[in-house]
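One letter stands for each residue in the lines below.
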Amino acid sequence: MTIFVTGGAGFIGSEFIRQMAGSARIINFDKLTYAGNLDNLTEAAKDPGYSLVKGDVCDAGAVMAAMPEDCDAVVHFAAESHVDRSIVGAEEFVLTNVLGTQIMLEVSRQRRVKRFLHISTDEVGGDMPPDGWFKEDDPLQASSPYAASKASAELFVRAAARTHGMNTLITRTSNNYGPYQFPEKLLPLAISNVLEDRPIPVYGDGMQVRDWVHVTDNCRALRAVLERGRVGETYHIGGGNPLPNIEVLRTLLKTLGKPESLMTRVTDRPGHDRRYAVDFTKTTQELGWKPEISFADGLAQTIRWYQDNPEWVRRCRSGEYRKYYEQMYGAREAGASVL
Ligand code: NAD
Ligand code: TYD
């Protein structure tokens, strides 16, 4: 099986590649933005079936050149993924997340790709009421520019299925956590700050609820959807752990034996969604998937990973991981194969 993965150098895409390495031929097509880190793929890249192409999903020619004629599946992770960055500037989000998705669909159609798995987010459903659970057929009600771009992308995926008869699938995942997550999202930022006795910024009252799923569980679900999902369907993936941010941070501080005074209240994020919670009953019933890693175990494992990998964090923070590409691969044209 040949799988064309976009955004495979990021947090979730790299875990997907680590899980699939050895059982499929994988082409990782990635622009290597600030979020793309080849340090995440050191082991998986040794697999002879793996190759990397540096390129932009907005560049149809580059995608076409990189996608083999016999491509069985596209798994489309590539995106600008951080809400705060989308508030500062939304243009990159519209380009990569919306235009990039449409280009991926169009090239996949021309290449007659057998299956297109689009990775979306629970954030497209917007705020859930205190007892509400987001279901697959609920309306799209995005709050942030990031969520708006992901909701728009979903509509293009649906349109490709309906208009062109493409074999598409959509997954919507809740907040992922685990090793190799760039230290701008809440958990890796908080863990790496606390390990250096630096404060954790808590937005507003810290009572916003997120449903945490371990990245390993998420990628197991993605594989199940790719292999057994029904054509045209949307599947939710969650951890069943909706928790207020402040509670997550208290557990983290307790685990590391650090004082709660490290939590520092800062101005709230504009338009901040109060609660996300996904109902993933359909995924469990149809595909037999359910999360296996409890939040307590997953958080402990994640903390240990950041403790054991200070060099990874240091290279992320200093930007060294990017210099490394330049030294190793030199300046290459977009779309050129670099591995
Ligand atoms: P990430 O930010 O860690 O990685 C994104 C990857 O995409 C990087 O490797 C980056 O270099 C690449 N990329 C960005 N723009 C590109 C472009 N124009 N062309 C090619 N490659 C490009 O993201 P992540 O957290 O791994 O998320 C992956 C996907 O999952 C995204 O689509 C995101 O919306 C979705 N998602 C993430 C979460 C989460 O908690 N992280 C939750 C739900 C859904
Ligand atoms: P984040 O990791 O950015 O994911 P998302 O916004 O996609 O859910 O944020 C998770 C939650 O943590 C969200 O409610 C915002 C909050 N948050 C903070 O309180 N402080 C921070 O420094 C960050 C990055 C997030």
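Before reading on, note that the structure itself is shown above.
This is a predicted model, so every value here is computed, not measured.

Colleague: I'm lost on the overall build of the protein in this one. Help?
Modeller: For the protein, the helix and strand inventory stands at 12 helices and 12 strands. Rg of the C-alpha trace for the protein: 19 Å, near the compact-globule value of 20 Å for 339 residues, within the 12% margin. Along the first, second and third principal axes, the C-alpha set of the protein runs to 55 × 45 × 35 Å. Looking at the protein as a whole, 55% of its 339 residues qualify as buried. Partitioning the intrachain contacts of the protein with sequence separation of at least 6 by distance along the chain shows that 81% fall at a separation of at least 24. For the protein, the accessible area works out to roughly 14300 Å², and carbon and sulfur atoms hold 52% of it. The distance from the centre of the 39 positive side-chain charges to the centre of the 44 negative ones in the protein is 2 Å.

Colleague: Before we go on, may I ask you to explain the packing of aromatic side chains in this structure?
Modeller: By convention here, two paired aromatic rings are described through the distance between centres and the angle between planes. Within the structure shown, the criterion is met by 14 aromatic pairs. Taken together, the ring pairs connect Tyr180, Trp305, Tyr306 and Trp312 into an aromatic cluster. When the ring centre of Tyr34 is taken as reference, the NZ or CZ atom of Arg85 above it lies at 3.5 Å. Sitting over the ring of Trp133, Arg275 keeps its end group 5.5 Å from the ring centre.

Colleague: How should the sheet that holds strand β11 (residues 242–244) be read in this particular structure?
Modeller: Strands belonging to one sheet form pairs held by backbone hydrogen bonds; the direction of such a pair is parallel or antiparallel. In space, the three strands of this open sheet follow the order β7-β9-β11, with mixed pairing throughout. Each of the sheet's edge strands pairs with one partner strand only, and the pair in question is β7 (175–177) and β11. Sheet twist, expressed as the mean angle between neighbouring strand axes with direction ignored, is 50°. Summarising the sheet, β7 and strand β9 (residues 209–214) pair through three bridges and their orientation is parallel. Counterpart to Asn176 in the pairing with β9 is Val213. Helix-sheet contacts for helix α8 (residues 245–255) involve β9 and β11, and the interaxial angle to β11 is about 80°.

Colleague: Can you help me understand the packing of helix α6 (residues 186–195) against helix α10 (residues 295–308) in this one?
Modeller: When two helices pack together, their arrangement is captured by the angle between the axes and the distance separating the axes. Closest axis-to-axis distance for the α6/α10 pair is 10 Å, and the angle between their directions is 55°. The orientation of α6 relative to α10 falls into the category oblique. In this structure, α6 meets α10 at a crossing whose hand is right-handed. Every residue of α10 that contacts α6 at Leu187, Pro188, Ile191 and Leu195 is listed here: Phe295, Leu299, Thr302, Ile303, Tyr306 and Gln307.

Colleague: Sorry, what's going on with the sheet that holds strand β2 (residues 25–30) here?
Modeller: Spatially, β3-β2-β1-β4-β5-β6-β10 is the arrangement adopted by the seven strands of the open sheet, whose pairing is parallel. Looking along the sheet, the strands with just one partner apiece sit at the ends: β3 (50–54) and β10 (234–237). Direction aside, the axes of adjacent strands within the sheet are offset by 20° on average. Bridge analysis of strand β1 (residues 2–6) against strand β4 (residues 73–76) gives four bridges, and the strand direction is parallel. Note that in β4 the partner of Phe4 across the bridge is Val74. Sheet strands touched by helix α4 (residues 91–110): β1, β4, β5 (115–121) and β6 (168–173). Its angle to β4, the strand with the most contacts, is close to 175°.

Colleague: How should the side chain of Asn218 be read in this particular structure?
Modeller: With respect to the helices and strands, Asn218 occurs in helix α7 (residues 215–228). Under the relative-accessibility criterion, Asn218 is labelled buried at 0%.

Colleague: Explain α6 to me, please; I cannot follow it from the model alone.
Modeller: Quick reminder: α-helices carry 3.6 residues per turn. Residues three or four places apart thus point the same way. Among the 10 residues of α6, seven are classified as buried, and the element is accordingly described as predominantly covered. Regarding α6, the residues found buried are Leu187, Pro188, Ala190, Ile191, Ser192, Asn193 and Val194. A positive phi of about 55° marks Asp197, the residue just after α6.

Colleague: How should I be thinking about the side chain of Glu154 in this particular structure?
Modeller: Tracing the chain through its elements places Glu154 in helix α5 (residues 145–164). Here Glu154 falls in the buried class, since its relative accessible area comes to 1%. At 2.8 Å, the side chain of Glu154 and the side chain of Arg172 are in polar contact. Beyond its immediate chain neighbours, meaning those up to four positions away, Glu154 contacts His118, Ser120, Val124, Leu140, Ile170 and Arg172.

Thresholds applied
Residues numbered from 1 in each chain as written. Chains lettered and ligands numbered in written order. Predicted model: local features only at pLDDT ≥ 70, side-chain atom pairs only at ≥ 80, totals over all residues. Heavy atoms only, no water. Helix = DSSP H or I, 4+ residues; strand = E, 2+ residues; numbered from the N terminus. Rg over C-alpha atoms; globule rule 2.2 N^0.38 Å. Buried < 20%, exposed > 50% of the residue type's maximum accessible area, 1.4 Å probe, protein only. Contact = heavy atoms within 4.5 Å. Areas by Shrake-Rupley, 256 points an atom, 1.4 Å probe, with all protein chains shown as cover. Lys, Arg positive; Asp, Glu negative; His and termini not counted. Charge placed at Lys NZ, Arg CZ, Asp CG, Glu CD. Phe/Tyr/Trp six-rings, centres within 6.5 Å; stacked < 30°, edge-to-face > 60°. Lys NZ or Arg CZ within 6 Å of the ring centre and 35° of its normal. Pairing = 2+ DSSP bridges. Axes fitted to C-alpha atoms, helices over the stretch in contact; angles between N-to-C directions. Parallel < 35°, antiparallel > 145°, perpendicular 65-115°, else oblique. Left-handed = near helix turned anticlockwise from the far one by under 90°. Polar contact = N/O pair within 3.5 Å; in protein donor to acceptor, adjacent residues only side chain to side chain.

Any link to function would need more than the numbers given here.
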